[in-house]
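Okay, here's what each chain looks like letter by letter:
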Amino acid sequence: MHRHPEVARLESAPEPAGLRRVAIDPLTRVEGHGKVTLLQDNHNRIQQARLHIVEFRGFEKFIQGRPYWELPVMVQRLCGICPVSHHLAAAKATDQLVGADQLTPTAEKVRRLMHLGQTLQSHALHFFHLSSPDLLFGFDDAVAHRNIIGVIQDHPEIAKQGVLLRKYGQEVIRVTSGKRIHGTGAIPGGVNKALTVAERDYLLADVEQMIAWGETAVQLMKRVFLSNPDYHYRFGAVDANTLSLVGPDGAFELYHGGLRARDPDGGEIFDHQDYRQYDELLREEIKPWSYMKFPFIASLGPEAGWYRVGPLARVNNCERFDTPLAEQEREDFRAAGEGRPLQAALATHWARLIELLHCAEAIKELLHDPDLLGDDLMVVGDRRPKGIGVVEAPRGTLFHHYEIDEDGLVRKANLIVSTTNNNQAMNASIRQVAAHYLDGRELTEPLLNHIEVAIRAYDPCLSCATHAMGQMPLELELVDAAGRCLDRLYKGPDGRVERIAEGTDSPVA
Amino acid sequence: MAPLLVFGYGNPSRGDDALGPALIQRLADLQAEGSPAERSLLQGVELLTDFQLQPEHALDLVGREVVFLVDADASLDAPYRLEPILPAQTPSYTTHEMSPGALLWVYGHIGLGQPPPSYLLRIRGFHFALGDPLSTSARHNLDLAVAFLESLVTSESRRCAHGRHASFYCASRWSPYWSAIWR
């Protein structure tokens with residue numbers, strides 16, 4: 001493990017007992033309130049930095065007691081951004097519950113197509129809606145301009161491509177799952193529909209355009225990243241282990257494969273491990289200041305075993321893409337690391353777009369596969385009490401683990417979502433940024449902006465699947481060694497940044 | 001293409017966040033099982049639902065004469081409220097939200113022209129925990145909001161049926177207003 005010494009020092013305070021535990025207002029649990037706490041020592045150095053994410057309480061309770069056959073549909077309600085990932089992870093777990101060890105070719109390919117559509121649309125949303133403003137305009141651009149609206153204003157063609165790429169991915173999901181949302185396509189042991197010729201031709205009509213736009217997006221991102229390499233290589237960069245699925249031959253894989261973990265230099269930690277044994281490979285640590293668990297690689301322990309998942313981990317981990325344009329781009333990406341996996345937070349955006357391009361290419365290949373039109377949709381075997389499904393969701397590896405009783409009701413559920421897998425990696429990136437940009441004892445808007453950019457690279461699920469209006473503020477808090485709040489900044493949903501008076505929860509002028 | 005779109009968004013499994021989809025379900029029930037008059041009047045209404053607004057929803061607004069978005073609101077000081085939506089810039093640090101105003105802004109700036117007159121029906125919600133049903137208070141507000149929207153939609157549809165341009169659809173009534181706020 002070659003973690004930067006400064007980052008390692010910041011991981012935990014030497015005397016945590018003297019630091020105040022941050023209480024999280026119950027209201028924030030349903031409102032997706034992001035909060036970052038920076039803890040300083042007496043010499044104005046940051047001792048700890050923490051991103052508080054509180055949304056993942058209650059998932060298991062939500063699932064327990066439900067019949068297993070409801071799971072693939074029900075779990076879509078856990079996340080409004082990547083419901084298909086939950087749908088497919090649950091379906092893979094329930095395949096095992098019904099003893100379906102090998103799906104029919106039609107069922108597996110329809111599911112793969114659905115997953116590619118989901119990843120394409122999610123990546124398009126992330127890049128065009130969220131990341132491109134930072135990258136096209138720079139982090140110091142005015143907040144009022146540095147957003148998707150600014151992109152639309154200055155680069156309308158790029159913005160339009162983003163919307164239409166995402167719409168195309170949504171159409172792939174609709175065709176394969178039967179509905180725009182709450183689809184029922186994947187069921188225990190297979191799927192409930194294949195594609196018709198008309199549906200296949202409908203998707204084929206636009207797929208070349210999607211590939212072309214995907215290629216354009218990768219080139220744009222690569223150009224931006226390499227145009228200011230010193231800055232982009234350094235920003236939010238932390239040495240992390242990486243975890244992802246890979247195919248049997250080490251190829252990039254989103255739907256099904258073995259687990260591979262590598263160290264920051266690309267050395268093997270484990271490889272091609274059956275994900276049904278994930279609980280022997282990974283452990284989850286509980287920390288008193290967070291509702292979210294901190295997973296780590298068991299063989300390395302909690303201090304050195306935390307890891308990164310998601311596009312950056314996947315593209316670093318795989319040996320190749322099996323689609324030509326994405327593979328060509330992966331080679332450029334790999335070369336940029338100069339013999340070492342890229343660790344820069346902003347390289348995540350580059351990796352994400354290579355994946356987007358791969359999805360468009362792979363959708364085209366699958367649409368030409370006659371198995372998609374087959375009518376052999378399901379298999380069943382002997383029922384089992386335990387099922388574990390894993391997919392690579394857009395933001396990273398997603399684990400669904402269920403155990404059922406004799407009546408088929410869920411008695412135990414354990415979910416490790418991408419944001420949980422990335423928990424420590426996100427904190428490490430934020431710490432790196434805060435250590436670099438915090439000056440003195442006063443929080444500033446540029447510091448808040450830079451921390452936001454680091455958060456965006458991971459796009460954590462701060463507000464999983466609830467969106468009542470007036471939400472998504474971000475709060476930044478600076479606390480001294482005695483637990484006193486030195487400064488607080490609050491950024492509201494409208495983008496306005498305000499300083500909050502100590503001892504209150506309300507912004508002041 | 002139905003001239004009127006009602007689009008309710010929220011998560012059906014997050015307590016009162018389900019208010020938008022619940023309103024859509026009520027209208028869908030009327031479309032399917034209401035009286036012949038109700039079914040007829042709701043024929044020109046398309047109902048959509050999703051977890052939250054995203055940029056591609058701009059494409060669902062194309063070709064409409066009027067659009068109603070419906071969402072839960074934890075801060076409202078009334079059971080429900082209908083307001084015109086103004087195109088707006090709303091920055092965010094996650095992909096997990098898009099405001100109604102930003103959706104209209106996107107519509108106009110990806111080459112779709114001027115968006116249709118659009119309104120947001122906010123319904124007061126109270127509890128948003130995963131797995132919770134609608135709260136009693138939210139259910140009461142939903143009843144009021146459904147009655148209000150049903151009355152509004154059917155009266156406008158009736159005008160259309162008699163050959164008169166519906167007031168909510170009517171470009172002449174609203175275009176000065178929209179021209180004024182559209183930039």
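Conventions and cut-offs
- Residues numbered from 1 in each chain as written.
- Chains lettered and ligands numbered in written order.
- Predicted model: local features only at pLDDT ≥ 70, side-chain atom pairs only at ≥ 80, totals over all residues.
- Heavy atoms only, no water.
- Phe/Tyr/Trp six-rings, centres within 6.5 Å; stacked < 30°, edge-to-face > 60°.
- Buried < 20%, exposed > 50% of the residue type's maximum accessible area, 1.4 Å probe, protein only.
- Lys NZ or Arg CZ within 6 Å of the ring centre and 35° of its normal.
- Helix = DSSP H or I, 4+ residues; strand = E, 2+ residues; numbered from the N terminus.
- Expected span 1.5 Å × (residues − 1).
- Pairing = 2+ DSSP bridges.
- Salt bridge = Lys/Arg side-chain N within 4 Å of Asp/Glu carboxyl O.

Focus: the packing of aromatic side chains
Residue and element names in this part refer to chain A. Per the stated rule, a full pass over the model turns up eleven aromatic pairs over all chains. For the pair tyrosine 68 and tryptophan 69, a centre-to-centre distance of 5.2 Å together with 80° between the ring planes defines the contact as edge-to-face. Taking relative accessible area as the criterion, tryptophan 69 reaches 49% and is therefore assigned partly exposed. When the ring centre of phenylalanine 62 is taken as origin, the NZ or CZ atom of arginine 66, which lies over that ring, is 5.3 Å away. A cation over a ring is seen here: lysine 287 above phenylalanine 294, with NZ or CZ 4.6 Å from the ring centre.

Considering helix H1 (residues 19-33) of chain B
Here H1(B) contains 15 residues, and its C-alpha end-to-end distance of 21 Å stays within 8% of the 21 Å for a straight helix at 1.5 Å per residue. Three or more residues of H1(B) are buried, namely B:Leu19, B:Gly20, B:Pro21, B:Ala22, B:Leu23, B:Ile24, B:Leu27 and B:Leu30.

Details of the pairing of strand S1 (residues 34-40) of chain A
Residues and elements named next belong to chain A. Among the seven residues that make up S1, seven are buried, leaving the element largely enclosed by the rest of the structure. Covered by surrounding structure in S1 are Gly34, Val36, Leu38 and Gln40 together with Lys35, Thr37 and Leu39, the residues of both alternating faces. Pairing geometry for S1 and strand S14 (residues 474-479), over six bridges, is parallel. Across the sheet, residue leucine 38 finds its bridge partner in S14, namely leucine 478. Counted along the chain from S1 to the antiparallel partner strand S2 (residues 46-52), the turn is five residues long, and its residue asparagine 44 has a positive phi close to 65°.

Let's talk about the pattern of salt bridges
Throughout the structure, instances matching the rule amount to 38 salt bridges over all chains. A:Arg174 is the partner of A:Glu171 in a salt bridge, and the nearest nitrogen-oxygen pair spans 2.9 Å. Separated by three residues within a single helix, A:Glu171 and A:Arg174 lie in helix H8 (residues 156-177), roughly one turn from each other. Judged by its relative accessible area of 12%, A:Glu171 falls in the buried class. Here B:Asp77 makes a salt bridge to B:Arg81, at a shortest N to O gap of 2.8 Å. Given the relative accessible area of 65%, B:Asp77 is considered exposed. In the salt-bridge network here, residues are joined through shared partners; they are A:Arg260, A:Arg262, A:Asp271 and A:Glu319.

These results come straight from atomic positions and should not be treated as a statement about function.
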